[in-house]
Amino acid sequence: MWLIVVFLCASLRTVPVWAAVGDPERLPNSTVPLHYDLWLEVSGLGRNDFSYQGKVSIRLAVVSDTAVDGVVLHNVGNRIEKTELKRISDGKLIAHQLSQTSELLKLRTGRPLNRQAGDAELLLTLTFSGLLGKEKKGFYRTQYRGPKRVPVTVATTHFQPCYARYAFPCFDEPGLKATFAITIVSNRNHLVASNTAVAKVTNLPDDRKAVQFERTGPLQSYLVAFLVTTYDTIHTRSPSGVQVGVLAPPKDPKALQFSLQAASALLTRLERYTCQSLGLKKLEHVAIPRFGNAMENWGLVAYDEQFLVLAGRKVHRQQRVQAVITIGHETAHQLFGNLVGPAWWSYLWLSEGFATYFEMILGSAEYPDLVPLEESFAMRHMRPALQADAIPGAHALTVEPLPADTAQIEELFDSLTYSKAGCVLRMINCTIGETAFRSGVRRYLETHRNGVVHPKDLYASFTHGNESLPAGWPSVEEMFRSWTDKPGYPVVTVERLNISYVRLRQQRYQLQAEQPDHTSRWLIPITYFTNSSRGKYEYRPALWMRETDRELVVRLEMKRTDVLIVNPRQVGFYRVEYVQQRDWQKMVPKLRSLPPVTQAKLIDDAFVLARIGHTGYEVCLSLLDQLSTISSALPWLTAMAEENVGFLQRTLRSFRFDRVVLGLAGEMFQFFSNTTSATTGSTAIEAQALDRAYDWWKRLGGTTRSGRRRYGPRFDTGCPPTNMPPLTVEELTIGLASQDEAEELRLFGRLKCQKQSQDTVLVAALERIAKNGQTDTSDLYRLLLKLLDLDPGRFLSPVLNILANPVAPRKPGEPIAVAALQRLLNRILPEVTDRKQVSTVQKLIGQQESLLPRGFLAQANTIMTSTLSWRMSNVAKLNRLLRLRHGDEGRFAQFTAS
């Protein structure tokens, strides 16, 4: 996609305009918005009238002479009742014809608009009406349970990426910023909130009120937000004078205190790091029922309730961790994405990458016990990003060209855009140093404040940092581009040649069934640890592999007896393979003495590379043996992850290996129950490790009673007593189809503890939900995804059964949940382990192939074929290894579920 840049010296400010060439769904941008006056009335909520009326007046700048289309903007689903277009210079009306094509609303003026002839600024006024739907798009409705469990309606918004057009006619592209003055008419008893503080409230007849909000700064349409409902609010004032608030369904105010304190503290950390103000008088965080995630609306940030409402004294530490990280992420967005935003969705990583990076930086600075920086980056971002970037068809961070297709745009909201981008930013920070990095970030924000940017604008902000780099190093822009402009990541192969020389090779990580990629290479910062180097090169590179280097022979600070570990602190976005067995023989016995992040890195790389035949499983099993000497939680969590030990447990289907895993779960409990409880443990990662131990114990048939017999009274899986009646079809149907998040959470906890033989009841309940249309397709996919996350080995068959045997067609007008379906399929693919499952998944994808991304079936086949090939090559070999290492009475045989 080529972009034309036009600059207009308007009366308000200099406006950069980006017009797409060759994409009929992009706005021509010969007219651009300067200011919106938006009026909405939604006063029927109390009587279940979900219609709304609206009027929007848009002050436009004509930046170039236009074709006869005149003015083109977006509109979806709103009934246009009246339009008026006039010149601001003299108030003269401009005749026009209205037409709607796809999502574009066109006002054909019959003559070109001419800036020189008085058309430089126009006022477009549209009167319209709409309906609050149930789908999370545009201006929509949800609900919570009030007193006596009576449903209470919440009218709210979700506009990212392309849904502001569903709420009101607008210029709905991220490269277009304008100011907004918003007025909302509601019932007098409703709380009404928007992006800015309330300027004026006027009482109206029929028990209504008009709430007028202060004018916003320049912002993109997808950041506009409003809320109409009955909520409680608490507020505080940050040290910089910003009024920080939390808005939620009526709760015990104590349940909101932690979120409020975190919101103020994290905002203060951000302002001090960047030396930038938000340009906001208030920053409110609002809990939305069944929102699912969070959204950085300017001044009115939306969250799923779980991130803000932390009820009771015994809040699980993981809930606090998630609250801190999510609030930190959305607070960072107020600068990265809102104040300075990407010019098009192709550069979404500029927004999400920085928010991901700063969620870690801010969280670890304010709550080091909840968010330890190195461990959290490794667990929450490095591992998921490497997994996502290994999938065939993974996209680069910068995606060009990218058409104005909402489905394609939504695909970019993934682990790569968030986690990989955050990891790349951390890699740049460690490479150039904190001082140069912070200076570049501040320069970036100051230079482009209230504007929109391309990646080159970020790179240019670090130009001064190049001066401090050692001679011969690549520039900061070259570092960035090597990792943002192409997909995938390298495996660096390490071969020791003699006492101090090593040969390094780089090749792209690929599944065994993929066509080999011999061309992709990266600028790789080589960090390493040896006993002789004494930590000098663990963070900042000792040397670089260039994109021209397929292999490189270098001298390192190393003696013959030294351990050599490359990328020890997981700073570089790459995996490391050691080709010589003696390297592993030196490292494995020393595992206990290494930092936790290094232990986790060695374990993860060994398991992942063994899966594609680059490392032997003897190494993996040796590393598992060493876990009993390690008291740090991170390596345990890494080893016992679904992708590592979990993959082996599901694909081997071996009673012997199940006993090994059960034994490891028992040892995890012994380590982390002594220092940790879910609510008061020493670190959140240790609390998570304890949860993981319980999950594995329950999954493999263990009970609270058997655990207490072996480990004492502290052992508690959280499962109900065994004499509790099993879940019924009726109970599951009502609970899973409800709008009650607490009930859904309770049911999933029960399902985790329920015997697998009772899963037929679950399938029957899901079939009934689908047949009766008790939930929409996207919510059904969400439930199925949640089941796979709960226990993929156990719930894969029920999930495939539901998908393969649809019992009811979509309801009339119900959209196809393409994004939700694709997320579900991507979760299913790595779990497929036999040909029958392959056939089922191929049929499912074939039925929806026209909706899924091009080549999705071929990529799915590559993933599934790789897993089947792995089973053929490794199952018998691994079972032999297990017999040799553990026999029938090995070290782990003592741990049984009985």
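Preceding this paragraph is the structure being described.
Residues numbered from 1 in each chain as written. Predicted model: local features only at pLDDT ≥ 70, side-chain atom pairs only at ≥ 80, totals over all residues. Heavy atoms only, no water.

**Concerning the pattern of salt bridges**
Applying the stated rule across the entire model yields 47 salt bridges. Across the pair E121 and R59 runs a salt bridge whose closest N-O atoms are separated by 2.7 Å. Remark: R59 occurs in strand β4 (residues 51-62) and E121 occurs in strand β9 (residues 121-131); sequence separation between them is 62 residues. Classification of E121 as buried rests on a relative accessible area of 16%. Salt-bridge contacts for D789 lead to R827; the nearest nitrogen and oxygen are separated by 2.9 Å. Here R827 lies in helix α23 (residues 818-828) and D789 lies in helix α21 (residues 777-790), a separation of 38 residues in the sequence. A relative accessible area of 45% places D789 in the partly exposed class. (Salt bridge = Lys/Arg side-chain N within 4 Å of Asp/Glu carboxyl O. Helix = DSSP H or I, 4+ residues; strand = E, 2+ residues; numbered from the N terminus. Buried < 20%, exposed > 50% of the residue type's maximum accessible area, 1.4 Å probe, protein only.)

**Comments concerning the sheet that holds strand β30 (residues 551-555)**
Sheet architecture is open: four strands sit in the order β30-β26-β25-β32, paired in mixed fashion. Strand pairing shows two members of the sheet lacking a second neighbour, β30 and β32 (575-578), which therefore form its edges. Taking the axes of each pair of neighbouring strands and ignoring which way they run, one obtains an average angle of 25° across the sheet. In this sheet, β30 lies alongside strand β26 (residues 501-508) in antiparallel orientation, the contact comprising five bridges. Pairing of L504 across the sheet is with L552, part of β30. Helix-sheet contacts for helix α11 (residues 596-611) involve β25 (490-496) and β32, and the interaxial angle to β32 is about 75°. (Pairing = 2+ DSSP bridges. Axes fitted to C-alpha atoms, helices over the stretch in contact; angles between N-to-C directions. Contact = heavy atoms within 4.5 Å.)

**Considering the packing of aromatic side chains**
For the structure on display, the rule yields 36 aromatic pairs. With 6.2 Å between their ring centres and 85° between their planes, Y36 and F168 make a pair best called edge-to-face. One end of the pair, Y36, is in strand β3 (residues 31-41); the other, F168, is in the loop between β11 (151-158) and β12 (177-187), with 132 residues separating them in the sequence. Judged on exposure class, the residue Y36 and its partner F168 are both buried. Between W349 and F480, the aromatic rings sit 6.3 Å apart at their centres with planes inclined by 35°, giving tilted as the arrangement. Here F480 lies in helix α9 (residues 476-484) and W349 lies in helix α3 (residues 349-366), a separation of 131 residues in the sequence. Note on W349: relative accessible area 1%, which makes it buried. Each member of the aromatic cluster is reached from another via a ring pair, and the members are Y273, F336, W349, F354, Y357, F358, F377, F437, Y444, Y459, F462 and F480. The ring of F377 carries the charged tip of R426 above its face, separated from the ring centre by 5.2 Å. (Phe/Tyr/Trp six-rings, centres within 6.5 Å; stacked < 30°, edge-to-face > 60°. Lys NZ or Arg CZ within 6 Å of the ring centre and 35° of its normal.)

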